[in-house]
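Structural description and commentary
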Amino acid sequence: ETEHYSWFYEGRNGWWQYDERTNVELEENYNAKKRTFELLVAGYMYVIDLDNMVQMRRNDPSRRRRIKRDLVSAPKKGIAGLKIA
Ligand code: V3L
């Protein structure tokens, strides 16, 4: 069931869950079979590339992180930079 899945981006030693709004955008584009699209995250435009499963800053593609779609229950550091205990 799709509601059991969520989107994550890579941190230093684990994965961060995307914020809920961005997660909805990712899921909508994924379901629409878009392969690349742009997202506004914390004031910066990021390119999402679902063929390579990465996000990168639009104005600096060297700032690249792996992303994944995984079970909501997968281990994570927190949500969008907010740590969980
Ligand atoms: N959602 C929220 N913040 C993001 C995202 C995103 N999808 N992508 C990048 N940032 P870059 P550790 C992350 C933030 O890739 O200790 C985490 O959320 C990013 O935040 O060069 O390494 C943590 O807050 C970073 O602060 O564009 O696991 C923080 O890193 C900034 O944008 C530390 O996490 C530049 O990332």
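The shown structure was predicted, so the numbers you read here are calculated from the model rather than taken from an experiment.

Moving on: the sheet that holds strand E8 (residues 82–83). Strand order across the open sheet formed by eight strands is E3-E4-E5-E6-E1-E2-E7-E8, with mixed pairing between neighbours. Sheet topology places strand E3 (36–41) and E8 at the edges, where each strand pairs with a single neighbour. Strand direction decides the pairing type here: strand E2 (residues 15–17) and strand E7 (residues 78–79), joined by two bridges, are parallel. The residue bridging Gln17 from the neighbouring strand is Ile79, located in E7. Against the sheet, helix H1 (residues 20–31) touches strand E1 (5–10), E3, strand E4 (44–49) and strand E6 (60–71), its axis set at about 170° to E3.

Put simply, the protein chain has an average pLDDT of 95, and 98% of its residues get 70 or more. ipTM for the predicted complex: 0.98, alongside a pTM of 0.96.

A separate point is the pairing of strand E5 (residues 54–57). Judged by which residues are buried, E5 turns out to be covered on both faces: Val54 and Met56 on one side and Gln55 and Arg57 on the other are all buried. Relative to E5, E4 is paired through four bridges, and the arrangement is antiparallel. Within E5, the residue paired with Tyr46 across the bridge is Arg57. Where E4 folds back on E5, the antiparallel hairpin that results is connected by four residues, among which Met53 adopts a positive phi of roughly 50°. Sheet topology note: the E5/E6 ladder contains four bridges and is antiparallel.

Procedures and definitions
- Here the residue numbering is sequential within each chain, running from 1 through the sequence in written order.
- Only residues with pLDDT of 70 or above have their local features reported here, since the model is predicted, and side-chain atom pairs are shown and tallied only from 80 upward, although totals for entire chains, interfaces and linings are computed over all residues.
- Excluding hydrogens and water, the side-chain values take into account all heavy atoms of the structure.
- One bridge is not enough; two strands pair if DSSP finds at least two bridges between them.
- Put simply, DSSP H or I for four residues or longer makes a helix, DSSP E for two residues or longer makes a strand, and each gets a number counted from the N terminus.
- Should any heavy atoms of two residues lie within 4.5 Å, those residues are considered in contact.
- Interaxial angles span 0 to 180 degrees and are taken between N-to-C directions of axes, which are lines fitted to C-alpha atoms, for helices over the stretch in contact.
- Residue-level confidence of the predictor, termed pLDDT, takes values from 0 up to 100.
- For every residue, the accessible area (1.4 Å probe, protein chains only) is compared with the maximum for its type, and the residue is labelled buried under 20%, exposed over 50%, or partly exposed between those bounds.

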